[in-house]
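What the coordinates show
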Amino acid sequence: RRCSWASKIILDLLKNAEANAEMRGLDVDELVVKHAMCNRAQLQRRRTYRAHGRINPYMSHPAHIEIILEKYDEGVKKGEEEEEKKVMKLTRKQQARQLKIKSGGGDE
């Protein structure tokens, strides 16, 4: 159930962002979502009246949703790295094991 109305809210936000882009003269087909974030907002408190004079809280759980669109741009290709430049970072335990194997006795 929640998925249907949650997805409707996100779709409405994307339609709003599309309309804003058209108003600013941007090409809508080239836009992609760069960043999307959702944070909890402050609870909205109301009351619900119950039987025998009781009152219970009736809380609303709003959210702050942020969507940033960006013009699609192909990234720069990553350069080839040489294998010699790659240095393995070892923990102290791994270094000790390597030293122990190298200096260990046995048939040579």
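Reading the values: the criteria
- Residues numbered from 1 in each chain as written.
- Predicted model: local features only at pLDDT ≥ 70, side-chain atom pairs only at ≥ 80, totals over all residues.
- Heavy atoms only, no water.
- Helix = DSSP H or I, 4+ residues; strand = E, 2+ residues; numbered from the N terminus.
- Buried < 20%, exposed > 50% of the residue type's maximum accessible area, 1.4 Å probe, protein only.
- Contact = heavy atoms within 4.5 Å.
- pLDDT = per-residue confidence, 0-100.
- Patch = residues over 30% accessible without salt bridge, like charges linked within 9 Å, V, L, I, M, F, W, Y side chains within 5 Å.
- Areas by Shrake-Rupley, 256 points an atom, 1.4 Å probe, with all protein chains shown as cover.
- Salt bridge = Lys/Arg side-chain N within 4 Å of Asp/Glu carboxyl O.
- Lys, Arg positive; Asp, Glu negative; His and termini not counted.
- Charge placed at Lys NZ, Arg CZ, Asp CG, Glu CD.

With that out of the way, let us pick up the overall build of the chain. A count of helices and strands for the chain gives 2 helices and 4 strands. Written out in order from the N terminus, the α and β elements of the chain read α-β-β-β-β-α. Counting the 108 residues in the chain, one finds 4% classified as buried. In the chain, of all internal contacts separated by at least 6 residues, the share reaching a separation of at least 24 is 51%.

Here the focus is the confidence of the model for the chain. The pLDDT averaged across the chain works out to 85; a share of 84% of its residues lies at or above 70. Mean pLDDT across the secondary structure elements of the chain bottoms out at helix α2 (residues 92–103), with 78, and peaks at strand β2 (residues 44–49), with 95.

In the Ramachandran plot, H52 falls in the positive-phi region, its phi being about 60 degrees despite a non-glycine side chain. Relative to the helices and strands, H52 is located in the loop between β2 and β3 (55–60).

Quick look at a nonpolar patch on the surface now. On the surface, W5, I9, I10, L11, L13, L14, V33 and I65 cluster together to form a nonpolar patch covering roughly 650 Å² of accessible area. Of the residues forming the nonpolar patch, the biggest block, 6 residues, is contributed by helix α1 (residues 2–23). Note on placement: I65 falls in strand β4 (residues 63–71).

Let us now look at a negative patch on the surface. Taken together, the side chains of E18, E22, D27 and D29 make up a negatively charged region of the molecular surface. Looking at the element boundaries, D29 is found in the loop between α1 and β1 (31–40). Its relative accessible area of 74% is what places D29 among the exposed residues.

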